[in-house]
Amino acid sequence: MRAILHLGAGLLLAALALAGCATGEREETAEEPAASETGTVDPFPAEPPDGPMPEIGPAPVDYVPTATGVPATDIWLGSLVRAGGGLSISGLEQATDRDGYDNQPSFLLDGSAILFTAVLDRRQTETMRLEVTAGAESAADLAEQRTHTEASEFSPLQIPGQEAFSAIHELRGKQYLWRYDLSGEPVGPIFATAEPVGYFAWANEHVVAMFILGDPATLQVGDALSGEIRIVAENPGRSIHRIPGTEEISFVRKVSDGEWWLERLDPVAGTAVRITRTLPGREDYAWTPEGEILMGDGARLFSWSEDSDWTEIADLSDLGVEGITRLAVSPDGARIAIVANRPGG
């Protein structure tokens, strides 16, 4: 029986929460990290270290919110099973079943839940949290809307070492990387000059790789403590990940329309080396803790490792899965989240 996500009613505006981050309510300087009410020192500066945030004016006349053009997608949750030297999927259940966009899942660092992006009214996105430890069917009833802002949030991802997550904050045509505590309360922007941010991944507790939209799009590495931001590659794909057990970043470099490579980046040196070619025309993938790369093509799921080229590990068409795109694997490698198109969506 499919598990159905019960989303909350309409969006709640929390302009005051955002205003509190943009005004002078926090008096600490960038050189002096803020202390919370519990006495814990905030590891990031109180204000973006790369400069003051520019004022976000009215939206351009031709501005169309990203949320209006997203596809109808669902998230599936299951177990990633390792046996006989190979991988397989078991217990896959549909965790969202809604005529809308449920996408961009990422596991919390303790593996207890996923954060994901949902379009609730075709104009705006919010961050949702879905408990997964109890299994997909019972967990779906525990899904909660975490952000309630006037902006759209995309690609939520917990920040290493923090009880906080980062997400793309889209407001009136501007896209910055913002920080939120795990309850969904906005903390504020991480960088002031990196814009428009499309996708990102943390290499460690303060270094992040960001896909910056442009012509061409670029992959840039930013330090949230110093504010230093450097361009390290051009024409990256949207799927950017920390390689498990390292502080390196993997990304897809699109050499040409027919030649896409997965590469591993040393964010300190800014150098990248090729890992393998992607499946033709596919750019979404995820790592397992053991070093395999998973990638979908239609209803089929493939695995790559240093010892084996791309090998099919599952055909999910019998479950109604089609058009696999984004993937996420829990930190312990036991769970997998799969994004697939809704039939007819």
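Since this is a predicted model, take the numbers as computed values, not measurements.

1. Observations concerning the pairing of strand β9 (residues 174-181)
- Burial analysis of β9 places 6 of its 8 residues in the buried class, which makes it a mostly covered element.
- Where strand β8 (residues 164-171) lies against β9, 8 bridges are found, and the strand directions are antiparallel. Following the sheet pairing, isoleucine 168 is matched in β9 by leucine 177.
- In this structure, the hairpin formed by β8 and β9 is closed by a connection of 2 residues, where arginine 172 is found at a positive phi of approximately 50 degrees.
- Relative to strand β10 (residues 186-189), β9 runs antiparallel, the two being bridged by 3 bridges. Pairing of arginine 179 across the sheet is with glycine 188, part of β10.
- Hairpin connection of β9 to β10: 4 residues between the antiparallel strands, including glycine 184 at a positive phi of 100 degrees.

2. Focus: the packing of aromatic side chains
- Following the criterion strictly, the structure yields 4 aromatic pairs and no others.
- Considering the side-chain rings of tyrosine 199 and phenylalanine 211, the 5.3 Å spacing of their centres and the 80 degrees angle between planes classify their relative orientation as edge-to-face. With tyrosine 199 in strand β11 (residues 197-202) and phenylalanine 211 in strand β12 (residues 207-212), this residue pair connects regions lying 12 residues apart in the sequence.
- For phenylalanine 211, a relative accessible area of 8% corresponds to the buried category.
- Among the aromatic residues, ring-to-ring pairing joins Phe165, Trp178 and Tyr180 into one connected group.
- In this structure, lysine 254 is placed above the aromatic ring of tryptophan 260, and the distance from its NZ or CZ to the ring centre is 4.3 Å.

3. Digging into the confidence of the model for the protein chain
- Residues of the protein chain with pLDDT of at least 70 account for 85%, and the chain-wide mean is 88.
- A low-confidence stretch, residues 1-32 stays under pLDDT 50, and its non-local contacts, those more than four residues away or across chains, total 69 contacts.
- Here residues 135-140 is a poorly scored stretch, pLDDT under 50, and it has 16 contacts once near neighbours within four places are set aside; other chains count.

4. A word on the environment of aspartate 297
- Topologically, aspartate 297 is positioned in strand β20 (residues 293-297).
- With 16 residues separating them along the chain, aspartate 297 and glycine 281 place their C-alpha atoms 9.0 Å apart.
- When near neighbours in sequence (up to four residues on either side) are disregarded, aspartate 297 contacts Leu279, Arg282 and Phe302.

5. Side note on the pattern of salt bridges
- All chains considered together, the criterion is met by 18 salt bridges.
- A salt bridge links arginine 342 to aspartate 74, with the nearest nitrogen and oxygen atoms 2.6 Å apart. Within this pair, whereas arginine 342 is found in the segment after β24 (335-341), its partner aspartate 74 is found in strand β1 (residues 73-83), the two being separated by 268 residues in sequence.
- Take arginine 342: its relative accessible area is 18%, and that puts it in the buried class.
- The salt bridge involving arginine 300 is made with glutamate 312; its shortest N-O contact spans 3.3 Å. Taken together, the residues arginine 300 in strand β21 (residues 300-305) and glutamate 312 in strand β22 (residues 308-315) connect sequence positions 12 residues apart.
- Using a relative accessible area of 33% as the deciding quantity, one classes arginine 300 as partly exposed.

6. Structural notes on the side chain of glutamine 175
- Looking at where glutamine 175 falls in the secondary structure, it is placed in strand β9.
- Here valine 197 takes part through its backbone oxygen, which lies 2.8 Å from a polar atom of the side chain of glutamine 175.
- Beyond its immediate stretch of four places on either side in the chain, glutamine 175 contacts Thr66, Ile168, His169, Glu170, Ala194, Glu195, Pro196, Val197, Gly198 and Leu213.

7. A look at the nonpolar core
- Ranked by internal contacts, the top residues of the largest apolar core, which has 18 residues, are Leu294, Leu301 and Ile338.
- Elements with a contribution of two residues or more to this core: β1, β2 (86-94), β22, β23 (327-329) and β24.
- With sequence-adjacent residues up to four places away left out, isoleucine 338 is seen in contact with Asp74, Ile75, Trp76, Leu92, Leu301, Leu316, Ile324, Arg326 and Leu327.
- In this structure, Phe154, Leu177, Phe200 and Ile212 belong to the second largest nonpolar core, which totals 16 residues.

8. Concerning the sheet that holds β8
- Pairing within the open sheet is antiparallel, and its 4 strands lie in the order β7-β8-β9-β10. Two strands close off the open sheet at either side, each with one partner strand: β7 (152-158) and β10. Shown here is a sheet whose adjacent strand axes are inclined to one another by a mean of 30 degrees, direction ignored.
- Relative to β8, β7 is paired through 5 bridges, and the arrangement is antiparallel. Bridge assignment links phenylalanine 154 to a residue of β8, and that residue is isoleucine 168.

9. What to know about the sheet that holds β22
- With respect to topology, 4 strands assemble into an open sheet ordered β19-β20-β21-β22, the strand pairing being antiparallel. Sheet topology places β19 (285-287) and β22 at the edges, where each strand pairs with a single neighbour. For this sheet the average axis-to-axis angle between neighbouring strands, irrespective of direction, equals 25 degrees.
- Pairing analysis gives 3 bridges linking β19 to β20, with the strands arranged antiparallel. Bridge assignment links tryptophan 287 to a residue of β20, and that residue is isoleucine 293.

About the thresholds
Residues numbered from 1 in each chain as written. Predicted model: local features only at pLDDT ≥ 70, side-chain atom pairs only at ≥ 80, totals over all residues. Heavy atoms only, no water. Buried < 20%, exposed > 50% of the residue type's maximum accessible area, 1.4 Å probe, protein only. Helix = DSSP H or I, 4+ residues; strand = E, 2+ residues; numbered from the N terminus. Pairing = 2+ DSSP bridges. Phe/Tyr/Trp six-rings, centres within 6.5 Å; stacked < 30°, edge-to-face > 60°. Lys NZ or Arg CZ within 6 Å of the ring centre and 35° of its normal. pLDDT = per-residue confidence, 0-100. Contact = heavy atoms within 4.5 Å. Salt bridge = Lys/Arg side-chain N within 4 Å of Asp/Glu carboxyl O. Polar contact = N/O pair within 3.5 Å; in protein donor to acceptor, adjacent residues only side chain to side chain. Core = buried A, V, L, I, M, F, W, Y, C linked by side-chain atoms within 4.5 Å. Axes fitted to C-alpha atoms, helices over the stretch in contact; angles between N-to-C directions.

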